[in-house]
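A look at the structure
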Amino acid sequence: MSENLPRSDDLDATWNFIQPGIDQILGNDSTEVTNKKVQKILSPTMYMEIYTAIYNYCVNKSRSSGHFNADRQQSGSSGQSSILVGSEIYERLKKYLRHYISNFKKDSNETFLQFYVRRWKRYTIGAIFLNHAFDYMNRYWVQKERSDGKRHIFDVNTLCLMTWKEVLFDPHSDELITEILDQITAERNGEIIQRDHITTSIKSLVALGIDPQDLKKLNLNVYIQVFEKKFLKKTETYYQQYSEDYLTTHSVTEYIFKAHEIISREEKGMAMYWDDHTKKPLSETLNEVLVKSHIEKLESEFIVLLDSRDNSKISALYSLILRDFSLLPRLANVFEEYIRKSGENEVSQLISAHKAAVMEASADGNGTKKMAMATTQSLPPKDYIKALLKVYNTFKNIDRECFPTDPLFAKALDNACRAYININEFALPSGSSRSATSKTSEMLAKYSDQLLKKSTKPEVANDMSDDDIITIFKFITDKDAFESHYRRLFAKRLIHGTSTSSDDEESIIKRLQTENSMEYTGKITKMFQDVRLSKMLESDFDVMIKSQSDYSREKFPELQPFVLAENMWPFSYQEVDFRLPEELVASHKKLESMYIGKHNGRILKWLWPLCRGELKADIGKPGRVPFVFTVTLFQMSILLLFNDKDVLTFEEIQEGTNLNIQNIASSMVPFIKFKLVQQLPPGLDNLVKGDTQFKLNRPYKAVKTQINFAAGVKNDILGTISKSSNSVSNGVSGISDEKLSESEKIEKELNAERQMFLEACIVRIMKTKRNLPHSTLVNECIAQSHQRFKAKISMIKRAIDSLIQKGYLQRGEDGESYTYLA
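Residues numbered from 1 in each chain as written. Predicted model: local features only at pLDDT ≥ 70, side-chain atom pairs only at ≥ 80, totals over all residues. Heavy atoms only, no water.

Within an unreviewed UniProt entry, the label attached to the protein chain reads Cullin family profile domain-containing protein, and the organism entered is Candida glabrata.

**Observations concerning the environment of Asp 530**
This is how it is decided: Numbering of helices and strands runs from the N terminus, with a helix taken as a DSSP run of H or I at least four residues long and a strand as a DSSP run of E at least two residues long. Buried residues are those whose accessible area, probed at 1.4 Å on protein chains only, stays under 20% of the maximum for their type, while exposed residues exceed 50% and partly exposed ones sit between those limits. Any two residues whose heavy atoms approach within 4.5 Å are treated as being in contact.
Relative to the helices and strands, Asp 530 is located in helix H24 (residues 522-546). For Asp 530, a relative accessible area of 3% puts it in the buried group. Non-local contacts of Asp 530, meaning those with residues more than four positions away in its chain, are made with Val 563, Leu 564, Ala 565 and Trp 569.

**Overview of the pattern of salt bridges**
Selection rule: In what follows, salt bridge is the name for a side-chain nitrogen of Lys or Arg lying within 4 Å of a carboxyl oxygen of Asp or Glu.
Tallied over the full model, the rule gives 41 salt bridges. Its salt-bridge partner being Asp 449, residue Arg 493 comes within 2.7 Å of it at the nearest N-O pair. In this pair, Arg 493 sits in helix H22 (residues 479-496) while Asp 449 sits in helix H19 (residues 440-452), placing the two residues 44 residues apart along the sequence. You'll find Arg 493 and Asp 449 in the same group, each marked buried.

**A closer look at the sheet that holds strand S2 (residues 627-632)**
Worth spelling out the cut-off: Only strands joined by at least two bridges in the DSSP assignment are considered to pair. To obtain each axis, a line is fitted to C-alpha atoms, and for helices this fit is confined to the stretch in contact; angles are then taken between N-to-C directions over 0 to 180 degrees.
Read across the sheet, three strands follow the order S1-S2-S6 without closing on themselves; strand pairing throughout is mixed. Edge strands, defined here as strands with exactly one partner in the open sheet, are strand S1 (612-617) and strand S6 (706-708). Averaged over all neighbouring strand pairs, the angle between strand axes comes to 20°, with direction disregarded. Of the strand pairs in this sheet, S1 and S2 are connected by six bridges, and their pairing is antiparallel. In the sheet register, Glu 614 faces S2, and the bridge partner there is Thr 630.

**Structural notes on the pairing of strand S4 (residues 677-680)**
Going residue by residue along S4, you find Val 677 and Gln 679 tucked away on one face and Gln 678 and Leu 680 left uncovered on the opposite face. Where S4 and strand S5 (residues 693-696) come together, four bridges link them in antiparallel fashion. In the sheet register, Val 677 faces S5, and the bridge partner there is Leu 696.

**A word on the sheet that holds S5**
Sheet architecture is open: three strands sit in the order S3-S5-S4, paired in antiparallel fashion. Both outer strands of the open sheet, strand S3 (647-649) and S4, are each paired with one neighbouring strand and no more. Here the average twist between neighbouring strands, direction ignored, is 25°. Direction of pairing for S3 relative to S5: antiparallel, over a ladder of three bridges. From the neighbouring strand, Val 647 faces S5, where its bridge partner is Lys 695. Those strands touched by helix H28 (residues 661-673) are S4 and S5, and its axis lies near 110° from that of S4.

**Looking at the pairing of S2**
Summarising burial for S2: five of the six residues are buried, a large majority. Taken together, the three bridges between S2 and S6 define a ladder with parallel strand orientation. Within S6, the position partnered with Thr 630 by the bridge is Asn 708.

**Here we look at the environment of His 132**
Secondary-structure assignment places His 132 in helix H6 (residues 112-133). Between the C-alpha atom of His 132 and that of Val 156, which follows or precedes it by 24 residues, the distance is 8.6 Å. Residues contacting His 132, with those up to four places away along its chain left out, are Tyr 47 and Tyr 51.

**Overview of the packing of helix H13 (residues 295-308) against helix H15 (residues 328-361)**
The cut-off we apply is this: Whether a crossing is left-handed or right-handed is set by the direction in which the near helix is turned from the far one by less than a right angle, anticlockwise for left-handed and clockwise for right-handed. Only Asp, Glu, Lys and Arg are considered charged in this grouping, and only Ala, Val, Leu, Ile, Met, Phe, Trp, Tyr, Cys and Pro are considered nonpolar; every other residue, Gly among them, is considered polar.
Here H13 crosses H15 at 35°, and the two axes come no closer than 11 Å. In the crossing of H13 with H15, the sense of the turn from one axis to the other is right-handed. On H15, the residues that touch Ile 295, Glu 296, Glu 299, Phe 302, Ile 303, Leu 306 and Asp 307 of H13 are Arg 330, Leu 331, Val 334, Phe 335 and Tyr 338. Partitioning the contact of H13 with H15 into residue classes produces eight nonpolar, no polar and four charged.

**Focus on the nonpolar core**
Put simply, the rule is: Note on terminology: a nonpolar core comprises buried Ala, Val, Leu, Ile, Met, Phe, Trp, Tyr and Cys residues joined through side-chain atoms within 4.5 Å.
Counting residues in hydrophobic clusters, the biggest one holds 162 residues, and the most contacted among them are Phe 134 and Phe 335. When residues of this core are assigned to their parent elements, the largest contribution, 14 residues, is made by helix H8 (residues 156-188). Each residue touching Phe 134, except ones within four places of it in the same chain, is listed here: Ile 18, Ile 22, Ile 54, Ile 89, Leu 93 and Val 156. With 39 residues, the next largest nonpolar core counts Phe 578, Trp 608, Val 669 and Leu 687 among its residues.

**Notes on the packing of aromatic side chains**
As a reminder of what qualifies: Classification of ring pairs uses Phe, Tyr and Trp, with its six-membered ring standing for Trp, and accepts pairs whose centres are within 6.5 Å; under 30 degrees between planes counts as stacked, over 60 as edge-to-face, and the remaining range as tilted. By the criterion adopted, a ring carries a charge over it if an Arg CZ or a Lys NZ lies within 6 Å of its centre and within 35 degrees of its normal.
In this structure the tally under the stated criterion is 48 aromatic pairs. Seen from their ring centres, Phe 671 and Phe 709 are 5.2 Å apart, and the 75° between their planes marks the pair as edge-to-face. Taken together, the residues Phe 671 in helix H28 and Phe 709 in the loop between S6 and helix H30 (717-724) connect sequence positions 38 residues apart. An identical accessibility class is assigned to Phe 671 and Phe 709; each is buried. A connected cluster of aromatic rings, assembled from ring pairs, spans Trp 15, Tyr 96, Tyr 100, Phe 104, Phe 112, Phe 115, Tyr 116, Trp 120, Tyr 123, Trp 164 and Phe 169. Here Lys 479 stacks its cationic end above the ring of Phe 473, 5.2 Å away from the centre of that ring. Between Arg 493 and the ring centre of Tyr 486, over which it is positioned, the NZ or CZ distance is 5.5 Å.

Structure below.
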């Protein structure tokens, strides 16, 4: 290329001048040439001569009038564009490239993929240098032609790629892709391959995706249509067979880790091969074939892993299924059902163990089967609550470690715990009525009582906490039942002064208030206030009686009065025919007159059955410290009668105290049991007979000097008396009708409160809406009552019927709606 440059108006001379340079740029041999080698072959002088020849032809030829019209006619452009000429040289280059590529020969010892990659590398490097050599034509003639709408005209580099696609790629694309996929399969099978061949060939597919309308726009049409679709199908077929074969010889747990390994290799290790566009469809394909197609086996294995509590394997399974969000609800449902059954089984095992223990302890007694069944009903609250918490804490830990921040599994845990905590073999035994309330609320209240009571043994209370109470409280549906039971036990702790501390009590109340509402703990808070006010009253009363001229401790014994708001405390007032002991009459009158004087218009109702006191009894051996008896007021009135006589008949006790048979019998049983009083003749049959004698045992012998007789007062003994004594059947039958068990009374009161609550809800709703369909009213009632209890449809219907009878509502003409009556 050292001869003189050709004439600028001679096309043949110009082409003949630059063709040898093009041959060297593109390369006529089959050897691989890098950028640096091309630069060495193509010297700067030769490169500039080629560039100059092309430049001269494009610029100078346009000034010749002989070619002016021809080029203008071909371009169809304005006069300004006719000064840019390049169509002849462009066509010559296009023809040359087609001929050049069509003459490629594959060596006999190489595959088509190797041949394709070898030629592609050399060709694309040459195309870049060739594009630079034709830079002037690209910048002026090509750009102008494309701006005039001729989208079949390209810059030289793009022309090289388009020609390659048309001449070499399109006729042999199937053969090329087949060999690429075979190589990928070989690598999946563990064989060593030449990765750069796959990488280069796949990148060529991206490069060949040219959009004639916009050369700068990335077009993956060739890559997707020719390679990606076949690759995804091949991947699906390969791993479908692979996973089935693997599961026939390995466990599902091993498969889980193998699937993770495959996914990691495909998405990370082999990502060098394909374009980013393939990432999502490849993941979806792997998910479909490795996860979704085996979901039943994975779900079964999930249960096995939950049984073993193997958190690492559970996490591996979860992260595998997490790849397909549509599968997570299924796994969460399995998790929820498993927790529910685990909770129910834990309670059943606890009941079975408790029954066995009771049967073993009473093996030598009579009626052991009945005793075991009766004792089972008194399952220790701590054991029951701890069993519920054990299941919750176990799966809470699994949820936290294996499914972090996943709301589906957190919700599944909550739903499952709510299910087994409220409905299990103990809480709602088989055969329970539909309106029955879960016993869990009552057991939680009793657990709270054990925690907050002074008398609870340290070894029992050492692992109990208020966190346990709040955790279970969150899940119970009958929160009003818990509040009712809790309030009763709380009242007894306050009245009897058995709370561990007021701070502990207030802490629990505040936490319950936070979990529910101010209204929920309103009555409990008011009870606290009443106790504080009663302390002030006690102090004022003490000051007042000490100022009396006839004051003495014998005349005015120590008194701790409690003035309680009737509608806040769980104590129902009952008129009791009772004669107050003379020793307390003076204090009673002074207290009553002082209170009424301070609070004019208030009425005091005395709850004699709830009163307690302490008596000093100097009835032991001479010189021994007097006994201190904790007794009910009724027991006190009976014992004070023995100050005058050591032997009293049942009839004399009745005359001295004016108490009925019920109260005398329940008061005397603890005295007889602890041998303070001797009954003559003995036996329950004779207990309530008028001529039965009761003798005070002097000197009284007991290990302890402080004895609590009040704790032994049990009303359930009266049923035994009524069955065994026909002579007093009339008196006692009235007692058994009047006296329901405490649980039955609470249940009855609870149902009444719920009925009132639902009626208030309905009135509140209807007052706002005025007219509502039946279904809408029921749904709104359920929504408003869910914080207190789970309202049943039958209860809501009864409340609606009650309000219709009371004139608050009337049914619509359609029979399916209600109207509020002002």
